[in-house]
Amino acid sequence: MAIRTKLFLFCGLFCLLTAASTQQPKTDSAQIRGAMEFLASDALQGRGSGSHDELLAATYLASQLREIGIQPAGDDGGYIQNVSGEFDFYREGKKQWNTRNVIGLLPGRDEKLKDQAILLTAHMDHLGVGKPVDGDNIYNGADDDASGCVAVLQLARALAHEKTPKRTVLFVFFGSEETGGQGNQYFLQHPPVPLKSIVANLEFEMIGRADTAVKRDELWLTGFDRSNLGPELAKHGAKLVPDPHPQQHFFQRSDNYALAKQGIIAHTVSSFGLHKDYHRPSDDVAHIDFSHMEDAIHSMLRPVEWLADSEFKPEWVEGKKP
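These numbers come from a predicted model, not from an experiment. (Residues numbered from 1 in each chain as written. Predicted model: local features only at pLDDT ≥ 70, side-chain atom pairs only at ≥ 80, totals over all residues. Heavy atoms only, no water.)

Colleague: Teacher, can you tell me more about the overall build of the protein here?
Modeller: Looking only at helices and strands, the protein has 8 helices and 11 strands in total. Judged by the C-alpha coordinates and their principal axes, the protein covers about 80 × 50 × 40 Å. Expressed as a percentage of the 322 residues in the protein, the buried residues total 55%. Carbon together with sulfur atoms contributes 53% to the accessible area of the protein, which is approximately 14,500 Å² in total. In the protein, 33 positive and 43 negative side-chain charges are present, and the distance between their average locations comes to 6 Å. (Helix = DSSP H or I, 4+ residues; strand = E, 2+ residues; numbered from the N terminus. Buried < 20%, exposed > 50% of the residue type's maximum accessible area, 1.4 Å probe, protein only. Areas by Shrake-Rupley, 256 points an atom, 1.4 Å probe, with all protein chains shown as cover. Lys, Arg positive; Asp, Glu negative; His and termini not counted. Charge placed at Lys NZ, Arg CZ, Asp CG, Glu CD.)

Below, the structure is given as structure tokens:
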């Protein structure tokens, strides 16, 4: 009887350990909240494009990448890529501008696949200090796009602490997206790896709240029908659906579009439900749905890990390449 009891307990413990080992990794809610409370705080004054406050955000994100163990891929052995020159601006033509990107790299382990790169991105700037609304003049940009920056950080943590992916993974935080993408323009001119080696780009933009146009646990992908990347990620567990707001042309409204025009399969992951706080001071941490945000990030971990380990190369659907 004693032997049977011990055998039963051993089998039960083995089953519990096996189940635990096969569960998906869980993102850390304290890490998410802590990073959001810093990036979207009044102390950063809305992270205005090209401003000193954007530089503070860049320095913080760089420090997080170093702590995680991601290699620097910016200027002079650091994470920050200084962006300076003449760039295109929305409705303003060309003018001189200074901003910055933050770039980290996780080298692939596979001799065959390490020269291929997966690019995970978000933009770190917002609108800074502007016209007061109800007495508040700091446009914190919690959803837009501190939420995306935190998603990229959490993906970096997961990929760095799991078995190193076969493909190389780049983690990039673009500056000055809000003024026309000067950060991504410079990145394309000065890439840390050859552009032809970038297999796919996922930009994370505004995932801090659920979109009532889709199921609560779903995210949507801009330009879903333009390539086979979204459908393939969905097959591997990503709760990704087509963008329910095609009239908003979101595929063309984030950093991914500049990369897509260079031929890179590049889309944006989002759950922006056209909320009234968009580009207003009320886009702050108080309005973030942390439960949704944590679940959203968690839902992308295994699919992104699969993409970084896979030999799958996404392609444009015929006639849908930008």
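Colleague: Whenever I open this one, the environment of Ser-51 confuses me. Can you help?
Modeller: Position of Ser-51 among the secondary structure elements: in the loop between helix H2 (29-39) and helix H3 (52-68). Using a relative accessible area of 19% as the deciding quantity, one classes Ser-51 as buried. Residues Ser-51 and Thr-268, spaced 217 residues apart in sequence, show a C-alpha to C-alpha distance of 25 Å. Here the side chain of Ser-51 touches Glu-54 through a polar contact of 3.1 Å, landing on its backbone nitrogen. (Polar contact = N/O pair within 3.5 Å; in protein donor to acceptor, adjacent residues only side chain to side chain.)

Colleague: Looking at this structure, I do not really get the pattern of salt bridges. What am I missing?
Modeller: Pairing between side chains of opposite charge can happen when the charged atoms of each approach one another. A complete count under the given rule lists 14 salt bridges for this structure. One salt bridge connects Asp-277 with Arg-209, and the closest N-O pair in it is separated by 2.9 Å. Note that Asp-277 is positioned in the loop between strand S11 (266-270) and helix H8 (290-309) and Arg-209 in the loop between strand S8 (198-204) and strand S9 (219-221), a separation of 68 residues in sequence. Per residue, the accessibility class of Asp-277 equals that of Arg-209, and both read buried. A salt bridge links Asp-289 to Arg-216; the shortest N-O distance between them is 2.6 Å. Within this pair, whereas Asp-289 is found in the loop between S11 and H8, its partner Arg-216 is found in the loop between S8 and S9, the two being separated by 73 residues in sequence. Through salt bridges with shared partners, one network takes in Arg-209, Lys-276 and Asp-277. (Salt bridge = Lys/Arg side-chain N within 4 Å of Asp/Glu carboxyl O.)

Colleague: Help me understand the packing of H3 against helix H4 (residues 142-161) in this model?
Modeller: Between two packed helices, both the angle of their axes relative to each other and the distance between the axes serve to describe the pair. Where H3 meets H4, the axes come as close as 10 Å, and the angle between the chain directions of the two elements is 15 degrees. Here H3 is positioned roughly parallel relative to H4, judged by the angle of their axes. For the element pair H3 and H4, the recorded crossing hand is right-handed. Together, Leu-61, Gln-64, Leu-65 and Ile-68 of H3 and Cys-149, Leu-153, Ala-156, Arg-157, Ala-160 and His-161 of H4 make up the contact between the two elements. Among the residues forming the contact of H3 with H4, the class breakdown is 7 nonpolar, 2 polar and 1 charged. (Axes fitted to C-alpha atoms, helices over the stretch in contact; angles between N-to-C directions. Parallel < 35°, antiparallel > 145°, perpendicular 65-115°, else oblique. Left-handed = near helix turned anticlockwise from the far one by under 90°. Contact = heavy atoms within 4.5 Å. Nonpolar A, V, L, I, M, F, W, Y, C, P; charged D, E, K, R; others polar.)

Colleague: Explanation requested: the packing of H2 against H8 in the structure shown.
Modeller: In the contact formed by H2 and H8, the axes pass within 10 Å of each other and the chain directions differ by 115 degrees. Note that H2 runs across H8; the crossing there is right-handed. Touching Ser-29, Ile-32, Arg-33 and Met-36 of H2 are Phe-290, Met-293, Glu-294 and Ile-297, all from H8. Here the residues of the contact of H2 with H8 are counted per class, giving 5 nonpolar, 1 polar and 2 charged.

Colleague: Help me understand the packing of aromatic side chains in this model?
Modeller: For any two aromatic rings, the description comes down to two numbers: the centre-to-centre distance and the angle of the planes. Counted by the stated rule, this structure contains 9 aromatic pairs. Judged by centre distance (5.5 Å) and plane angle (85 degrees), the ring pair of Phe-174 and Phe-187 falls under edge-to-face. Remark: Phe-187 occurs in helix H5 (residues 182-189) and Phe-174 occurs in strand S7 (residues 168-174); sequence separation between them is 13 residues. The burial state of Phe-174 is the same as that of Phe-187; both residues are buried. The cationic tip of Arg-33 hangs over the ring face of Phe-290; the distance from NZ or CZ to the ring centre is 4.0 Å. A cation over a ring is seen here: Lys-95 above Phe-89, with NZ or CZ 4.5 Å from the ring centre. (Phe/Tyr/Trp six-rings, centres within 6.5 Å; stacked < 30°, edge-to-face > 60°. Lys NZ or Arg CZ within 6 Å of the ring centre and 35° of its normal.)

Colleague: Hey, could you run me through the confidence of the model for the protein in this one?
Modeller: Parts of the prediction with low pLDDT should not have their coordinates interpreted in detail. For the protein, the average pLDDT comes to 93, and 92% of its residues sit at 70 or higher. Within the model, the stretch residues 5-24 combines pLDDT values under 50 with 3 contacts to residues more than four positions away or in other chains. (pLDDT = per-residue confidence, 0-100.)

Colleague: Any chance you could explain the nonpolar core here in plain terms?
Modeller: Side chains of nonpolar character tend, in soluble globular proteins, to be buried together. If you look at the biggest cluster of nonpolar residues, it comprises 81 residues, and the most contacted ones within it are Leu-120, Phe-171 and Leu-202. Excluding residues that lie within four positions of it along the chain, Leu-120 makes contacts with Val-152, Leu-155, Leu-159, Val-169, Leu-170, Phe-171, Val-172, Leu-202, Phe-204 and Val-304. Membership of the second largest hydrophobic core comes to 6 residues, among which are Met-206, Trp-220, Phe-250 and Phe-272. (Core = buried A, V, L, I, M, F, W, Y, C linked by side-chain atoms within 4.5 Å.)

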